[in-house]
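Below are the chains, spelled out letter by letter.
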Amino acid sequence: MNNNSNLKQTDPEIYKLIQAEVARQNDGLEMIPSENHTSQAVLEALGSRLTDKYSEGYPGQRYYGGCEIVDQVENIARDRAKKLFGADHANVQPHSGCPANFAVYFALIDPCDTVMGLNLFHGGHMTHGLKLNFSGTIYNSIQYGCREDGFIDINEMHKLALEHKPKLIVSGGSAYAQIYEWEKYQAIADEVGAFHLADMSHVAGLVAGGVHPNPVGIADVVTTTTHKTLRGPRGAIILANGNASTPLKKVERSKENIPTLIDRAIIPGIQGGPHNHQTAAIAIALKEAATPEFKTYAKQIVVNAKTLAEVLLKHGFELVTGGTETHLLLINLNNKSITGKQAEKALGQAGITVNKNTVPHDPRKPFDPSGIRMGTPALTSRGMKKNEMKIIGELIFKALDNIDDEKILTDIKSEVLELAKQFPIK
Ligand code: DSN
């Protein structure tokens, strides 16, 4: 649809940078597990005139005129989200994951109330109670962690919940390679009278594809970003059961009222105008995620991650939890005598993008932790399968075995380029 000719003329500086980023992505291997490559249809919606429109409110109840078209767009996105994940209610307006989670806190609890989430440094997320984040400053945050074997310590979490009586328990995380057992969190939340927020951002595409349990229908409320395994644009969705009252009334905090509380928390609570171009792109991604091809894609993500895990285990890498059941691998590099920062840099020089990451009980600091995190969603979107994972696993091993050898890293980069060129981003 768009060859960016206007952009090239108006702002060659930005044009060149966009072209350079497209080349960087095409010529290398994007293995940050929270990243993906969207379809051209999604990109076209993101670059559309819908971005011009103000539409504070919800379909049929807007504070602006001229919303008859964007109302339809938002209704389609809401309906597709509900159908895909089996929810009664969907709010597709959160600008991204952090505001989505903030909206849930804002809706369901008060400042100073106690919240419990997985420690960021054990694989959680900053909005799950990190002391420096809103979730750990406005609220009293108690953090649970992982056992020595890397699995989430549900028993510790249960004990902490009984002791601290949180008002909100958050499940989910950003660097956990195993299945989230949503019903266990819900049972503990019910026992202590807390709300349960399941943040399925990392695994939403796997849930849509039927290869990870769905928290919808189990957890009181579910959030997800739309740009990770779900392969949509940057954005987020909040899902719940029940229906919102229309017009949105002030209601008491109860499970039945969660849809109304969520909608009020987004607007007028924490956000202004919806990003209509983003909503349209989310709708498209949800349509794509409902296809049989997407199911095949989601399965392949996991097969690819497991294949990569096998190769790395064979070369003596220590995988936190011993392997993966999802799209990501968390690798503890302590036994290799290199740090996460060194590994991220060496792999970067070799054209393989990953991110340094803490591992549970990390003796090192977050800016130079013991681990790296990598995943397969973006590679799988390019059509790569088991054979490519075997090649990539060997390249990763070689690069990490030679982190100070510029020549070897440059040679690996050439091999990466050759492989990448066979799988262009479509
Ligand atoms: N920053 C995301 C990730 O990389 O997992 C989480 O929001």
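Refer to the structure presented above.
Model, not experiment: these values are computed from the prediction.

Moving on, we come to the nonpolar core. Counting residues in each nonpolar core, the largest one holds 48 residues, and the members touching the most others are F85, I152, I169, M200 and L239. Not counting residues within four places of it along the chain, the set of residues in contact with L239 comprises A81, F85, A87, H89, A90, M200, V216, V221 and V222. Core analysis: the second largest hydrophobic core is formed by 35 residues, L319, L347, A350 and L400 among them.

Our focus in this paragraph is helix α7 (residues 154-164). Within the sequence span of α7, burial applies to I154, M157, L160 and A161. What you see down the axis of α7 is that its buried residues fit within an arc of 120°, all on one side. Counted as exposed and oriented over 90 degrees from the buried face of α7: N155, K159 and E163. Summarising the contacts, the buried residues of α7 are in contact with β5 (114-118), β6 (140-144), β7 (168-171) and α8 (182-192). Looking one or two places after α7, you find K165, whose phi comes out positive at around 45°.

Here we come to the side chain of T339. Here T339 shows up in the loop between β12 (328-332) and α13 (340-349). A polar contact of 2.9 Å, which involves the side chain of T339, links it to the side chain of D368. Apart from residues lying up to four places away in sequence, T339 is in contact with L333, R364, D368 and P369.

Attention shifts here to the layout of surface pockets. Space inside the largest pocket adds up to approximately 1200 Å³. In terms of lining, the largest pocket is formed by 31 residues, of which the most central are I18, V22, Q25, T38 and L43. Secondary structure elements with two or more residues in the lining of the largest pocket: α1 (5-10), α2 (12-27) and α3 (40-46). It is α2 that contributes the most residues to the lining of the largest pocket, seven residues altogether. Lining the second largest pocket are 14 residues, and of these C98, H125, M126, S174 and K228 lie nearest its centre. At three residues, the largest contribution of residues to the lining of the second largest pocket is made by helix α5 (residues 97-108). Broken down by class, the residue content of the lining of the second largest pocket amounts to three nonpolar, nine polar and two charged.

This paragraph deals with the sheet that holds strand β8 (residues 195-199). Here seven strands make up an open sheet; going across it, the order is β4-β10-β9-β8-β7-β5-β6 and the pairing mixed. Looking at which strands have only one partner, the edges of the open sheet turn out to be β4 (89-91) and β6. Each neighbouring strand pair of the sheet contributes to a mean axis angle of 20°, computed without reference to strand direction. Note: β8 against strand β9 (residues 221-225), three bridges, orientation parallel.

A surface patch of nonpolar side chains, about 330 Å² in accessible area, is lined by I14, L17, I18 and V22. Tracing the backbone shows I18 in helix α2.

Let us now look at the site of the ligand. Contacts to the ligand come from S34, H125, S174, H202, K228 and R373. Interatomic distance of 2.7 Å between a side-chain N/O atom of S34 and an oxygen atom of the ligand. Take H202: an N or O atom from its side chain is 2.7 Å from an oxygen atom of the ligand. Look at the ligand: alone it shows 230 Å² of surface, and the protein chains cover 65% of it.

What follows concerns empty space enclosed by the protein. Tallying each qualifying case throughout the model produces one cavity of 30 Å³ or more. Approximately 40 Å³ is the volume found for the largest cavity. Lining the largest cavity are H122, C146, G150, A175, Y176, A177, V320, T321, L330 and P360. Considered class by class, the residues forming the lining of the largest cavity number seven nonpolar, three polar and no charged.

By definition, the strands of a sheet pair up through backbone hydrogen bonds, in either a parallel or an antiparallel sense. Strand order in the open sheet made by the four strands is β11-β12-β15-β14, with antiparallel pairing throughout. Either end of the sheet is taken by a strand with one partner, and the two such strands are β11 (318-319) and β14 (355-357). Summarising the sheet, β11 and β12 pair through two bridges and their orientation is antiparallel. Its bridge partner lying in β12, L319 is registered against I331.

Moving on, we get to the packing of aromatic side chains. Within this structure, the stated rule accounts for eleven aromatic pairs. Ring geometry for F102 against F134: centres 4.5 Å apart, planes inclined by 55°, an arrangement best described as tilted. Separated by 32 residues along the polypeptide, F102 in helix α5 and F134 in helix α6 (residues 134-137) bring together distant segments of the chain. On the basis of relative accessible area, F102 is assigned to the partly exposed category, the value being 23%. For F134, a relative accessible area of 17% puts it in the buried group. When the centroid spacing of 5.2 Å and the interplanar angle of 25° are considered together, the rings of Y180 and W182 count as stacked.

To continue, consider the pattern of salt bridges. As enumerated under the stated definition, the model contains 19 salt bridges in all. Note that R24 is salt-bridged to E21, the shortest N-O span being 2.8 Å. Separated by three residues within a single helix, R24 and E21 lie in helix α2, roughly one turn from each other. Residue classification places R24 among the partly exposed residues on the basis of a relative accessible area of 37%.

Here is what the cut-offs are and how they apply
- Residues numbered from 1 in each chain as written.
- Predicted model: local features only at pLDDT ≥ 70, side-chain atom pairs only at ≥ 80, totals over all residues.
- Heavy atoms only, no water.
- Core = buried A, V, L, I, M, F, W, Y, C linked by side-chain atoms within 4.5 Å.
- Buried < 20%, exposed > 50% of the residue type's maximum accessible area, 1.4 Å probe, protein only.
- Contact = heavy atoms within 4.5 Å.
- Helix = DSSP H or I, 4+ residues; strand = E, 2+ residues; numbered from the N terminus.
- Arc of directions from axis to C-beta.
- Polar contact = N/O pair within 3.5 Å; in protein donor to acceptor, adjacent residues only side chain to side chain.
- 1 Å grid on protein atoms, 1.4 Å probe; cavity = no way out; pocket = protein on both sides within 12 Å on 5 of 7 lines; lining within 4 Å.
- Points joined across faces, edges and corners; volume = space filled by probe spheres on them.
- Nonpolar A, V, L, I, M, F, W, Y, C, P; charged D, E, K, R; others polar.
- Pairing = 2+ DSSP bridges.
- Axes fitted to C-alpha atoms, helices over the stretch in contact; angles between N-to-C directions.
- Patch = residues over 30% accessible without salt bridge, like charges linked within 9 Å, V, L, I, M, F, W, Y side chains within 5 Å.
- Areas by Shrake-Rupley, 256 points an atom, 1.4 Å probe, with all protein chains shown as cover.
- Salt bridge = Lys/Arg side-chain N within 4 Å of Asp/Glu carboxyl O.
- Near = heavy atom within 4 Å.
- Phe/Tyr/Trp six-rings, centres within 6.5 Å; stacked < 30°, edge-to-face > 60°.

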